[in-house]
Amino acid sequence: MSDTLLADTDIEEALSQAYVTAVASMAGYVVALKNFDRDGIDITIEAGDSFRPKIDAQLKASINIDDSSETISFFCPKKNYDKLNIATQTPRILLIMKLPKRRQGWIDVSSEYLLIRHSVYWISLRNHQQTTNSTGQTIYIPRANKFDVKALQDLMEQSRNGIIP
């Protein structure tokens, strides 16, 4: 008998939120989760100082990310792709969390650490081609686009300066 309330997809979402929140916290930024996903945005990251920049993000997680190439391919559903592709004042990015194939490898907890595996990668879909596919679009994220504190600070500085990634 299992008392689990969450499906694996719910757990994937919670882990991606935890990862992004941890990175944003280490950068000194505030995170706001959206109550209702009506606009394709799951989370907003906000900075301080001048201009108070923000970044909106859609979170996805997958156990099916190939480790063998320089880019990560991900099939983005059309509704998400279209919402991330529109022109907005606040930059929008897609964050993809790569998880191990086996659920038992997603986190490891000890008295010394909490380890969330593996990594999150980012991409901006602004100015990408509109998709003619009725179900979605495969996108390719460079492995260099690892979502960490430095990458988030760089993205926030671009937002502060009105540069949309």
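Please refer to the structure higher up on the page.
Okay, so let's go over this structure. What you are looking at is a predicted structure, and each value in this text was computed from that prediction instead of being measured.

### As for the overall build of the protein
Argument step 1. Each helix and strand counted, the protein has three helices and nine strands in total.
Argument step 2. Order of helices (α) and strands (β) in the protein, N terminus to C terminus: α-β-β-β-β-α-β-β-β-β-β-α.
Argument step 3. Compactness check: the protein gives a C-alpha radius of gyration of 16 Å against a globular reference of 15 Å for 165 residues, within 12% of the reference.
Argument step 4. Each principal axis of the C-alpha distribution contributes one length, and for the protein these read about 50 × 40 × 35 Å.

### A look at a nonpolar patch on the surface
Argument step 1. Among the surface-exposed residues, I107, V109 and L114 lie close enough to one another that they form a single nonpolar patch of about 290 Å² accessible area.
Argument step 2. Relative to the elements of secondary structure, L114 occurs in strand β7 (residues 114-116).
Argument step 3. Judged by its relative accessible area of 57%, L114 is exposed.

### Looking at the side chain of N85
Argument step 1. Along the polypeptide, N85 turns up in helix α2 (residues 78-85).
Argument step 2. Given the relative accessible area of 6%, N85 is considered buried.
Argument step 3. A distance of 3.5 Å separates the side chain of N85 from the backbone nitrogen of N127, its partner in a polar contact.
Argument step 4. A polar side-chain atom of N85 sits 3.0 Å from the main-chain carbonyl oxygen of H128.

### Some points on the sheet that holds strand β3 (residues 54-62)
Argument step 1. Strand order in the open sheet made by the five strands is β1-β2-β3-β5-β8, with mixed pairing throughout. The strands lining the two open edges of the sheet, one partner per strand, are β1 (30-33) and β8 (119-123). Each strand axis lies, on average, 30 degrees off the axis of its neighbour in the sheet, ignoring direction.
Argument step 2. Looking at chain direction, β1 and strand β2 (residues 43-46) are connected through four bridges and run antiparallel. Bridging across to β2, V30 finds its partner in E46.
Argument step 3. The sheet contacts of helix α3 (residues 149-160) involve β2, β3, β5 (92-98) and β8, and relative to β3 the element is tilted by about 140 degrees.

### Focus: unusual backbone geometry
Argument step 1. At the junction of R117 and H118, the peptide bond is cis and its omega measures out at -5 degrees in the coordinates.
Argument step 2. The residue H118 is located in the loop between β7 and β8 in this model.
Argument step 3. Phi is positive for R52, which is not a glycine, with a value near 50 degrees.
Argument step 4. As for its position among the elements, R52 is in the loop between β2 and β3.
Argument step 5. Classification of R52 as exposed rests on a relative accessible area of 55%.

### Points about the pairing of β2
Argument step 1. Pairing analysis gives four bridges linking β2 to β3, with the strands arranged antiparallel. The residue of β3 that forms the bridge with T44 is D56.

Cut-offs and rules
- Residues numbered from 1 in each chain as written.
- Predicted model: local features only at pLDDT ≥ 70, side-chain atom pairs only at ≥ 80, totals over all residues.
- Heavy atoms only, no water.
- Helix = DSSP H or I, 4+ residues; strand = E, 2+ residues; numbered from the N terminus.
- Rg over C-alpha atoms; globule rule 2.2 N^0.38 Å.
- Patch = residues over 30% accessible without salt bridge, like charges linked within 9 Å, V, L, I, M, F, W, Y side chains within 5 Å.
- Areas by Shrake-Rupley, 256 points an atom, 1.4 Å probe, with all protein chains shown as cover.
- Salt bridge = Lys/Arg side-chain N within 4 Å of Asp/Glu carboxyl O.
- Buried < 20%, exposed > 50% of the residue type's maximum accessible area, 1.4 Å probe, protein only.
- Polar contact = N/O pair within 3.5 Å; in protein donor to acceptor, adjacent residues only side chain to side chain.
- Pairing = 2+ DSSP bridges.
- Axes fitted to C-alpha atoms, helices over the stretch in contact; angles between N-to-C directions.
- Contact = heavy atoms within 4.5 Å.

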